[in-house]
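The lines below spell out each chain.
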Amino acid sequence: MWIYLLIFLVALLGVSNTKLTRSTGYLACFFIFLALFVGLGDMLGGYDRYIYTDLFDGAYNVRIRDISVKETTLWGYKTEYGYVFLNYLISFITANRYIFILILTCLIYAMMYQSFKEYMDSYPIAIVLFLALMFFFTFTYLREITGVCFGWFAVRYAYRRKPILFFLFAYIAYICHNSAAILFPFYFLPAYKWRKSFVVLAMFVIFCIGLTPFPTSLFKAYSEVIDDGGRSASYQGDYDAGHFRLEYLIEAAFFMYLILINYDKIPNTRKNLMMLNSAIVFCAVITFFVRSSNGGRLGWYYAIGVISTMTTILTQRGVRSQLRPFLLIVCFFLYFRILNGWGMLLSPYKSFLTDGHREGDYIFEYYEYDLRYDEDKFYRPPFVLFKSKEELLREEL
């Protein structure tokens with residue numbers, strides 16, 4: 001656990017150095033470190049990594065054995081063929097599931113770097129917010145985070161009023177993870193400030209609707225339309241079980257409070273106003289899905305607005321000096337809540353540079369599908385870029 005706390009501490013120290021506020025070098029170095037830290041992790045974060053490495057193995061087999069996609073688990077993701085195709089492309093580089101994760105993670109962080117460089121007024125503050133809101137999910141939700149990073153990249157074309165480019169990248173996000181459909185309305189977010197009273201009333205109404213079974217009916221209907229194998233409809237189980245995510249409500253209320261007390265300090269530029277409204281939509285989404293343990297993930301596509309707006313507020317003159325420490329303390333608790341809650345899924349940290357697995361790792365016991373990786377992480381070739389199909393098949397004999 002200590003290594004994760006150290007990462008957050010280093011990020012906090014960066015906030016105290018004003019020279020780093022707009023240092024792209026600092027941002028790049030921090031994101032390179034995070035990409036390597038996450039990408040080199042040995043199946044950390046939960047069973048999703050096993051699901052996605054199994055999908056990658058399917059893509060690799062499709063390529064070298066010329067079998068049909070319909071004969072593999074890839075067919076279950078036929079509506080998310082962008083992610084399937086990305087797996088297929090990476091299979092030309094490596095046959096090894098660990099190198100696949102590393103490559104995909106580096107791609108994710110490279111795209112996030114481009115987004116942060118474009119949208120943030122303070123890189124150190126943005127990093128702290130990212131650690132609190134999104135960092136741990138990059139360990140495990142590889143497919144959805146891939147969609148999110150393409151979605152965030154699309155945002156710049158919304159406030160620049162370039163619809164073709166916006167919807168192109170939003171569509172790429174969608175074919176990586178169908179949940180990105182929620183991003184399409186971003187282009188139509190108004191570039192003006194709603195009245196505070198209207199925002200508060202709207203959030204209250206959304207909360208009341210979120211308490212009803214209505215959100216679950218949306219999941220079910222959406223799943224039927226896109227034919228995603230029932231993955232969207234499976235979210236309705238959270239409602240059937242009567243779950244209530246108090247942390248969603250607290251998180252939304254916290255960010256809405258900070259935004260509304262500093263409403264007038266947010267510059268009236270198209271970029272800032274659209275990011276402001278994106279932050280409001282984020283809070284609305286997690287409030288709407290207050291009874292779902294998974295529905296709040298739909299808010300990730302709009303989380304870029306929260307991170308951008310908070311950095312804008314905290315870099316404005318006249319903002320109360322105690323606001324920054326208050327935000328950073330709350331970010332630490334958001335960060336620590338996931339770190340502590342996920343427990344063995346993250347700690348102790350282990351990279352795939354050493355063989356074997358972590359003692360007591362129950363996810364390994366239940367979901368490991370190829371024990372040869374436990375004996376030798378590189379038993380499948382890390383790089384196959386210049387090898388023919390015949391050579392690869394001979395090596396597997």
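Refer to the preceding data block for the structure.
Some remarks on the pattern of salt bridges
- One pass over the full model with this rule turns up 11 salt bridges.
- For K350, the salt bridge identified is with D42, shortest N-O distance 2.8 Å. With K350 in the loop between α16 (323-342) and α17 (362-367) and D42 in the loop between α2 (24-39) and α3 (48-65), this pair connects stretches of sequence that are 308 residues apart. There is no split in this pair, since K350 and D42 are both buried.
- Among the salt bridges present, the one from D42 reaches K377, with a minimum N-O distance of 3.0 Å. Residue D42 is located in the loop between α2 and α3, and its partner K377 is located in the loop between α18 (372-375) and α19 (389-396); the two are separated by 335 residues in the primary sequence. Taken individually, D42 and K377 each receive the classification buried, so the pair is uniform in this respect.
- A single network of salt bridges, built from pairs that share partners, joins D42, K350 and K377.

Remarks on the environment of P190
- Position of P190 relative to the elements: it lies in the loop between α9 (163-176) and α10 (196-210).
- As for P190 and R65, which are separated by 125 residues in sequence, their C-alpha atoms are 51 Å apart.
- Not counting the four nearest positions on each side in its chain, P190 is found in contact with L273, M274 and N277.

Points about the packing of aromatic side chains
- On inspection of all chains with the given rule, the structure shows 56 aromatic pairs.
- Each ring, one from Y98 and one from F352, has its centre 5.1 Å from the other, and the planes form 35°; the classification is tilted. One end of the pair, Y98, is in helix α5 (residues 97-119); the other, F352, is in the loop between α16 and α17, and 254 residues separate them in sequence. In this structure, Y98 and F352 share a single accessibility class: buried.
- Ring centres of Y141 and W300 lie 5.7 Å apart, and the angle between their planes is 50°; on these two criteria the pair is classed as tilted. Of the two residues, Y141 sits in the loop between α7 (137-140) and α8 (142-159) while W300 sits in helix α15 (residues 300-314), which places them 159 residues apart along the sequence.
- Its relative accessible area of 5% is what places W300 among the buried residues.

Thoughts on α16
- When the terminal C-alpha atoms of α16 are compared, their 29 Å separation across 20 residues agrees well with the 28 Å that a helix rising 1.5 Å per residue should span.
- Downstream of α16 by one or two residues, G343 has phi in the positive range, about 50°.

What to know about the side chain of T138
- With respect to the helices, strands and loops of the structure, T138 is situated in helix α7.
- Looking at T138, its side chain comes within polar contact range of the side chain of Y109, at 2.9 Å.
- A distance of 2.6 Å separates a polar atom in the side chain of T138 from the backbone oxygen of F135.
- Other than its neighbours up to four places away in sequence, T138 contacts V38, Y109, M112, F130 and I145.

Overview of the side chain of N87
- Checked against the element boundaries, N87 lands in helix α4 (residues 81-90).
- Exposure remark for N87: the relative accessible area of 1% places this residue in the buried category.
- Residues in contact with N87, not counting those within four places in the same chain, are Y52, L55, F56, A59 and F100.

How each quantity is defined
- Residues numbered from 1 in each chain as written.
- Predicted model: local features only at pLDDT ≥ 70, side-chain atom pairs only at ≥ 80, totals over all residues.
- Heavy atoms only, no water.
- Salt bridge = Lys/Arg side-chain N within 4 Å of Asp/Glu carboxyl O.
- Helix = DSSP H or I, 4+ residues; strand = E, 2+ residues; numbered from the N terminus.
- Buried < 20%, exposed > 50% of the residue type's maximum accessible area, 1.4 Å probe, protein only.
- Contact = heavy atoms within 4.5 Å.
- Phe/Tyr/Trp six-rings, centres within 6.5 Å; stacked < 30°, edge-to-face > 60°.
- Expected span 1.5 Å × (residues − 1).
- Polar contact = N/O pair within 3.5 Å; in protein donor to acceptor, adjacent residues only side chain to side chain.

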